[in-house]
Amino acid sequence: MDYKPDKYFEIDIFSHHFVVKNMSPRGLEIAKKFARRFIEFKWDRGQKVAVQTYASYIPKKGHIHFHIGQYKEWKAYIADCAIPDHGYTELAYGYVEPEPINCSITTAFPPRDYQVAIFDTYLKVAEPSWRKFVGIDPGRGKTYLASWAAAEYNFRIVGFLKPMFLKKWPDDLVKNMGMDPDDIVCVAGAAKLMDVITRAKEGTLTEKAILISNRTYMNYINLYEQHGDEILNMGYDCTPPQFCQVIRAGTRIGDEVHEEFFSMFKIDLYTHILRSISLSATLEDDDAFTEAMYKVAYPVEERCKIVVRAKYIKSVALRYNIKHGTELATTERGSTMYSHIAFEKNFYTKRYGWLMDHYLKLIDERFEERFLMRYEDGQKCLIYAASIQMCTTIVDYLKEKHRGLDVRRYVAEDPYDNLMNATVCVSTLGSAGTGHDIAGLITVIMTHSLRARKKNIQGPGRLREKEGVDMEFEYFTCKDIPKQMEYHIAKELLLPARMKECIIYDLPYVVGEK
């Protein structure tokens, strides 16, 4: 016999989300209408297209998941819909006792004064909630703070991280908390995730930190949304809502949560855990809807209020003209949006390929002035391009021009050592723009022109303050390309609040004529 609810719905409340279930037809209508508030739309060729929804629906269970940050709005909404208090039930869930990790923060790197203040007044106290968000500037020690808090909480750690961060976080936990490498398991792929769940159910999961690729976990969530509890017959011994409790984790860590933000938000919709620490230096976006969702996931009133900002970087805007610059393509086929990859593709075409050598000479000229002329042993330079193809081309050119210099490329398939230990690394903002502390880095050159606020903050953000050493960031702007000039103007408004000095240098010749 079909279940017929005697109330509009039931609400289950968890640490990071709430679930509306057992809905009457009217209750389902109300919940779906509320979910429509959180659909993200984009304009595509003059049409408004739904892209993704910041809520989850599992048809086979009849459950709708919302973020806990949407709960107050939900309660106000159902009151406006004339749903009486007796028209629904609410149940808040407790927690399985987490596994202890028995680790201590290292004494080899004494905390800075502001880190002590953040730890004492924010991370180790319950107020305003145990969903912590630390948004201090790049290089100010967010990873150290998260490690310190995790040691204080003394609960097994689960991290949901971009795949590239699985390369760095194990080393960070070993360095900061003294963990043995065998205490850490990195999970990428369904088989590895199934193994962790199975061992947890068997009682043989011994690792103190389980670091999971957010993409692997999103595949798990997507499967659950399609099949519901049927995934228990597909090799998974629990469902996503049960996961953190099944593995007996008590602390969740998310790094650079503004990147692939939708996946981090969706993971929240299935998370139930005692403590969480989210990190980002650039939780700001030009898009109003994304900003609104940031405030749902990380409410302003719950964020760390201590602002740490040190101005130690010199920013140089290199403005140049290039021969035939007004003729160069700047959009991909079928799109009206500026694409720097499309701009780079010009240099590989039959018509404009002859400009490639001139463009590479420009990059080399700036590299020599900004880095080689002041280079000392152990110092490093990072160069950003937009495409993997251009990264490869720049590496080949610099290797040939500066034989004996350690020049390497770093993109997703390359060894992490290429980023951390090469004297000169050429990479993309997606691969090297966030979450990496590169010892000895003194120069960043960004050939990639873009508007995104967070990328323009993160670009120079790899530079770390060091007494007696000038930190320099130079970004390219082609004056022949209106969008690049527009993005340059946006940087002129953005960077002065973060840089020690901002200057403009206009190239005294036209690239391609010299």
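In case you missed it, the structure is sitting above this.
Residues numbered from 1 in each chain as written. Predicted model: local features only at pLDDT ≥ 70, side-chain atom pairs only at ≥ 80, totals over all residues. Heavy atoms only, no water.

A.B. asks: Explain the sheet that holds strand β10 (residues 184-187) to me, please; I cannot follow it from the model alone.
C.D. replies: Strands pair in a sheet through their backbones, by hydrogen bonds, and they do so in one of two ways: parallel or antiparallel. Read from one edge to the other, the open sheet built from six strands follows the order β8-β13-β12-β9-β11-β10, with strand pairing classed as parallel. The open sheet terminates on both sides in strands that have one partner only, identified here as β8 (131-134) and β10. Averaged over neighbouring strand pairs, the angle between their axes works out to 15 degrees when direction is ignored. As paired elements, strand β9 (residues 157-161) and strand β11 (residues 209-213) share five bridges and run parallel to each other. Looking across to β11, one finds that Val158 is bridged to Ile210. (Pairing = 2+ DSSP bridges. Helix = DSSP H or I, 4+ residues; strand = E, 2+ residues; numbered from the N terminus. Axes fitted to C-alpha atoms, helices over the stretch in contact; angles between N-to-C directions.)

A.B. asks: Got a minute to help me understand the pattern of salt bridges in this structure?
C.D. replies: What the rule picks out here adds up to 45 salt bridges. One salt bridge connects Glu284 with Arg453, and the closest N-O pair in it is separated by 2.2 Å. A residue pair is termed long-range when its members are at least 10 positions apart, and Glu284 in the loop between β13 (275-279) and α10 (288-297) and Arg453 in helix α16 (residues 453-458) qualify at 169 residues. Here Arg453 falls in the partly exposed class, since its relative accessible area comes to 30%. Put simply, Arg366 and Glu474 hold a salt bridge, and the shortest N to O gap is 2.7 Å. Taken as a pair, Arg366 in helix α12 (residues 356-370) and Glu474 in strand β19 (residues 471-478) lie far apart in primary sequence, 108 residues in all. Pair check on accessibility: Arg366 and Glu474 agree, each one buried. One network of salt bridges, in which partners are shared, links Glu365, Arg366, Glu369, Arg370, Arg374, Glu472 and Glu474. (Salt bridge = Lys/Arg side-chain N within 4 Å of Asp/Glu carboxyl O. Buried < 20%, exposed > 50% of the residue type's maximum accessible area, 1.4 Å probe, protein only.)

A.B. asks: For this particular structure, what's the right way to read the pairing of strand β18 (residues 441-446)?
C.D. replies: The buried fraction of β18 is high, at six of six residues. In terms of strand pairing, strand β15 (residues 380-384) meets β18 through five bridges, oriented parallel. Looking at the pairing, Leu382 lines up with Val444 of β18. In this structure, β18 lies alongside β19, joined through four bridges in parallel fashion. If you follow Ile445 over to β19, its bridge partner there is Glu474. Crossover β18 to β19 through α16 is right-handed. (Right-handed = clockwise from strand over helix to strand, strands pointing away.)

A.B. asks: Hey, could you run me through the packing of aromatic side chains in this one?
C.D. replies: One pair of aromatic rings is described through two measures. These are the centre distance and the angle between the planes. With the rule as written, the count across this model stands at 38 aromatic pairs. Taking 5.3 Å as the distance between ring centres and 50 degrees as the angle between the ring planes, the aromatic pair formed by Phe9 and Trp74 counts as tilted. With a gap of 65 residues between them, Phe9 in strand β1 (residues 9-13) and Trp74 in helix α2 (residues 71-80) connect regions that are remote in the sequence. Grouping residues by exposure puts Phe9 and Trp74 together as buried. Within the aromatic cluster, the residues linked to one another by ring pairs are Phe9, Phe18, Phe34, Phe38, Phe66, Tyr71, Trp74, Tyr77 and Tyr88. A cation over a ring is seen here: Lys175 above Phe109, with NZ or CZ 5.8 Å from the ring centre. (Phe/Tyr/Trp six-rings, centres within 6.5 Å; stacked < 30°, edge-to-face > 60°. Lys NZ or Arg CZ within 6 Å of the ring centre and 35° of its normal.)

A.B. asks: Quick question: what am I supposed to make of the sheet that holds strand β20 (residues 501-511) here?
C.D. replies: One open sheet holds the seven strands; their spatial order is β16-β17-β15-β18-β19-β14-β20, and the pairing between them is parallel. What marks the edges here is a single partner per strand, and that holds for β16 (407-410) and β20. Between one strand axis and the next, the sheet turns through 20 degrees on average, direction left out of account.

A.B. asks: Is there a simple way to explain the pairing of β9 in this structure?
C.D. replies: A regular strand carries its side chains on alternate faces of the sheet. Along β9, five of the five residues are buried, which leaves the element largely enclosed by surrounding structure. Because side chains alternate across β9, one face comprises the buried residues Ile157, Gly159 and Leu161, and the other comprises Val158 and Phe160, equally buried. Alignment of β9 against strand β12 (residues 251-254), held across three bridges, turns out to be parallel. In the sheet register, Val158 faces β12, and the bridge partner there is Arg252.

A.B. asks: For this particular structure, what's the right way to read helix α9 (residues 261-268)?
C.D. replies: Every α-helical turn comprises 3.6 residues, leaving residues that sit three or four positions apart pointing alike. Within α9, eight of the eight residues are buried, which leaves the element mostly enclosed by the surrounding structure. Every buried residue belonging to α9 is among Phe261, Phe262, Ser263, Met264, Phe265, Lys266, Ile267 and Asp268, and all of these are buried.

A.B. asks: Sorry, what's going on with the nonpolar core here?
C.D. replies: The nonpolar side chains of soluble globular proteins are, as a tendency, buried together. Judged by nonpolar contacts, the single largest core of 161 residues is most densely connected at Trp74, Phe243 and Tyr320. When residues no more than four places from it in sequence are discounted, the contact partners of Phe243 are Val158, Phe160, Leu193, Ile197, Ile212, Tyr217, Tyr220 and Cys238. (Core = buried A, V, L, I, M, F, W, Y, C linked by side-chain atoms within 4.5 Å. Contact = heavy atoms within 4.5 Å.)

A.B. asks: Just checking my understanding: could you explain the state of the cysteines for this structure?
C.D. replies: Covalent bonding between the sulfur atoms of two cysteines is what defines a disulfide. Enumeration over the complete set of coordinates arrives at zero disulfides. For the unlinked cysteine Cys502, the closest cysteine sulfur is that of Cys381, found at 19 Å. (Disulfide = S-S within 2.5 Å.)

A.B. asks: Honestly, unusual backbone geometry in this entry has me stumped. Any pointers?
C.D. replies: Of all residues except glycine, most have a negative phi; of all peptide bonds, most are trans. Here the bond from Glu127 into Pro128 is cis, since omega is -5 degrees, no more than 30 degrees from zero. In this fold, Pro128 is placed in the loop between α3 (113-123) and β8. Within the chain, Asn154 stands out as a residue other than glycine whose phi angle is a positive 60 degrees. In this structure, Asn154 sits in the loop between α4 (142-153) and β9. Judged by relative accessible area, Asn154 falls into the partly exposed class, the value being 24%.

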